[in-house]
Amino acid sequence: MGTSSEGDRPWQSYNTVYTNAKAGMDGVDKEKVQRIVYEMSKGSKYFENEKRKEAFIKQKIESLRAQVDKLTDKDVSHFQMIANKKILELEASRDLSKVWLHTDMDAFYASVETLENPSLRGKPMAVGGLSMISTANYEARKFGVRAAMPGFIACKLCPDLIFVPTNFEKYTFYSELARKVFRRYDPDFISTSLDEAYLNITEVCINREISSDEVAGELRNAIFEETGLTCSTGVAPNLMLAKVCSDINKPNGQFILPNDRKAIMTFISSLPIRKIGGIGKVTEHVLRDVLGIKTCEDILQNGAFLCALFSSCSSDFFLSVGLGLGRTDTPDIKMRKSISSERTFHATNDENFLFQKLADIAETLSNDMKEKCLSGRTLTLKLKTASFEVRTRAISLQKCIHSKEDILSCASRILRAELPLSLRLIGLRMSQFSDDKNSHVDPMQKSIVAFLSGGDANSSPTLPKKQVCLEVGDKLEDHDGLDFSEGQSKQDVELDFQVADDHTGDKNDDRFSLLCDSHCSVSSSIAENFKSNDSYLDEAKPDKSVEPDELTYSVERLIEEVGLIWVDDYICSVCGIELPPSFTEERREHSDYHLAEMLQKEESSRGRGHLAQERRLVRFLYYVDAIPMHHNVISLFKFNYACLWFLKFISETKNASKQSPKYTKISYHFILLQERIHMYKDGYQNYQACQTTQKYKNNN
DNA sequence: GGGGGAAGGACCA
DNA sequence: TTCCTGGTCCTTCCCCC
């Protein structure tokens, strides 16, 4: 798009969805339309974003080409075998027993408007506004104006264009009139939009002993008589082909593809892949530029490469297209999966305006949900920035919600975490509805308190799985059982933690390096001690001790006080999940989840006995000393874990061995731990303060 | 390897 | 100057089982 190699006609490579040919656009000067669209779009933020997306697709194409180049003859014959097998299986599934009819109203919205206002007849007209056109009549299409085109570009293409605002009540009324006709031919007809439907006319043809051609003609006449509108129909053995056929003789026409394999293969052989539903601008571009595929016939000839490059699901789809196969059954009633509402506005970073918009959208969504009796637990916030970049942020809740207040409360917290931003669109989507199989929360879920009091390892909390960004968690796990091999050096430990740096963003932080260096010099001796001496427990010489009850209380308070540490007050230091500070309750549950998970692991390794656990704890204390200061973000969680471990240990041992020397040592270690937690926490707060100062400096 | 959540994107009308 | 809305499905990443 717009590179120098395109010389003086850069518009030729600027292909938007509306520069592609559509019914009624045969005589259009495509070059002129493309040039005007390009001239009007050039330099806009939308155009820049399109360039970015185009570059991404080009990169994908290059990568696929490289994969093709790498394939050896042996690989190709291997994938050819796979493709042949798939083709045989698909061919065996071919069903020519059904007759499907697809009907599509001609320029539906525009036709309805003309029907209600005959003065529009014969004049170029579009339904929509200056920002976007929903549909254009055939007079307007002669100028290159079409659906999905911005109105201001359409104005340039056709200066006399008349704009009519959309009126869905009208369209729904006429759609219902047409549906009454459809019902007479197939009570179970499939409606895909206000103006399109699939009808299974197999029975009608058999019972009335008439051809599908006659049924199609009859149906079109009935539609015209009862609505005053024209439609086009296509008849074929499956839904995919019927849809393609209805487009062939548009407007006000019909096309019949007989239920005959040879006729289908002839029809499909020269059919451009873009005509197939599911193959859009990007897929067409990729298949053409990587494998030179332009028609459905080309697909079958490239079966081996398609199997080599794409997922099984995608290659199956492509091959079935190449064979002219499609669905032949009426699908079961489809349950709605999500419901959403979104609004576009002039790009702004005015937070009051954005939150007001959010409230409006939350209200619309809530009303829509109430109307449809829906309640969901996953809320997705969609944002489109001033530069057309789209972001989505989802949150799954413990319970289903539908009220405006609940939706707005969650949405505001997610939005707040994204600001400041200049936005041009906000949207909200609700999914995981209350009657979904997967939407319920595990009834066995227990809080951390219940877990501790019950000690039931099998009923640990089962919060939804979260994506883990910090690989270091796993690596820590290997060692933090505090069983890391005797030969492992401090450098090894640090190497593992280096991974954490990349995620927490504090790599190369000079202020922190200073803290680390000073700390490392101390910790190295401890690490040495740790490595060389396995009798650490006996060597711990406590000079103070605490009562079991007092210790329990202290540990509980410490857990309360420290909580999970959130990197930049936003990202969980354990798994990387992002939860804004205002999500207090969710944060507490999240901490519970991690801690319970750790405890469960402890439970499952109980075979090692208490002494082993003591040893592991003390090893752990040495180990945290060996952690450079700036890694405390990660290690603070480990302190939490240790606290819980303490609690468990205390509850199990306090009756039996309050005075035992081991208990005394453990309580001593707890005091050390407590001190360190505060020290590390202070260190982290200093670090955060430095970060804030740095951000301020950078911004200025 | 399959299932599932999150995020992003393709596609459709 | 200006490029929608609402919905579904697929892919990718990455975890857990």
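The structure under discussion appears in the preceding block.
Residue indices begin from 1 for each chain and proceed along its sequence in written order. Chains carry letters and ligands carry numbers; both start at the beginning, A for chains and 1 for ligands, and go up in the order they are written. Since the coordinates come from a predicted model, pLDDT governs what is reported: local features require at least 70, and pairs of side-chain atoms require 80 or more to be given and counted, while whole-chain, interface and lining totals use all residues. Only hydrogens and water are set aside when side-chain values are computed; all heavy atoms of the structure are taken into account.

### Some points on the packing of helix H7 (residues 168-185) against helix H9 (residues 212-227)
Phase 1: Angles run from 0 to 180 degrees between N-to-C directions of axes, and those axes are lines fitted to C-alpha atoms, restricted for helices to the stretch in contact. Strands here are runs of E lasting at least two residues and helices are runs of H or I lasting at least four, both read from the DSSP assignment and numbered beginning at the N terminus. It is the contact of H7 with H9, at a shortest axis distance of 9 Å, that shows an interaxial angle of 145 degrees. The chirality of how H7 crosses H9 is right-handed. Where H7 approaches H9, its residues Tyr-174, Leu-177, Ala-178, Val-181, Phe-182, Arg-184 and Tyr-185 are matched on the opposing element by Val-215, Glu-218, Leu-219, Ala-222, Ile-223, Glu-226 and Thr-227.
Phase 2: Asp, Glu, Lys and Arg are counted as charged, while Ala, Val, Leu, Ile, Met, Phe, Trp, Tyr, Cys and Pro are counted as nonpolar; the rest, among them Gly, fall into the polar class. Residue composition of the contact of H7 with H9, by class: 10 nonpolar, one polar and three charged. Each crossing is labelled by how the near helix is turned from the far one, with a counterclockwise turn of less than a right angle marking it left-handed and a clockwise turn marking it right-handed. Any two residues whose heavy atoms approach within 4.5 Å at even a single point are treated as in contact.

### What about the protein's contact with DNA strand B?
Phase 1: Any residue with a heavy atom positioned within 4 Å of a molecule or strand is treated as near that molecule or strand. Taken together, 22 residues lie near DNA strand B, and Ser-193, Lys-243, Thr-283, Thr-392 and Ala-394 sit nearest.
Phase 2: Considering DNA strand B, the proportion of its atoms within 4 Å of the protein that are sugar or phosphate atoms stands at 92%.
Phase 3: In this structure, Gly-280 approaches DNA strand B through a main-chain N or O atom, which is 2.8 Å from a phosphate oxygen.
Phase 4: The definition of a polar contact used here is a pair of N or O atoms within 3.5 Å, where within protein one atom must be able to donate a hydrogen and the other to accept one, and adjacent residues in sequence count solely through side-chain atom pairs. A distance of 2.9 Å is found between a phosphate oxygen of DNA strand B and a backbone nitrogen or oxygen belonging to Val-282.
Phase 5: For the surface near DNA strand B, the elements supplying multiple residues, two or more each, are helix H12 (281-291) and strand S11 (390-401).

### Some words on the sheet that holds strand S4 (residues 162-164)
Phase 1: Strand order in the open sheet formed by three strands is S3-S2-S4, with mixed pairing between adjacent strands. Taken across any chain shown, the strands that pair with only one partner, and hence form the sheet edges, are strand S3 (133-136) and S4. On average, each strand axis in the sheet is inclined to that of its neighbour by 30 degrees, with strand direction left out of account.
Phase 2: By definition, two strands form a pair when at least two bridges between them are found by DSSP. For strand S2 (residues 125-128) and S3, the ladder comprises three bridges, and the chain directions are antiparallel. Paired with Val-127 across the two strands is Thr-135, which belongs to S3.
Phase 3: On the sheet, helix H4 (residues 108-116) packs against S2, S3 and S4 and is oriented at approximately 110 degrees with respect to S2.

### With respect to the sheet that holds strand S5 (residues 190-193)
The strands that make up a sheet are held in pairs by hydrogen bonds between backbone atoms, and each pair lies either parallel or antiparallel.
Phase 1: Strand order in the open sheet formed by five strands is S5-S6-S1-S7-S8, with mixed pairing between adjacent strands. Only two strands of the sheet have a single neighbouring strand rather than two, namely S5 and strand S8 (254-256). For this sheet, the mean inter-axis angle between neighbouring strands, taken without regard to orientation, is 15 degrees.
Phase 2: With five bridges connecting them, strand S1 (residues 100-105) and strand S6 (residues 196-200) associate as antiparallel partners. Considered in S6, the bridge of His-102 is made with Tyr-198.
Phase 3: Relative to the sheet, H7 contacts S1, S5 and S6, its axis offset from that of S6 by approximately 15 degrees.
Phase 4: Seen against the sheet, H9 touches S1, S6, strand S7 (231-236) and S8 and runs at an angle of roughly 160 degrees to S7.

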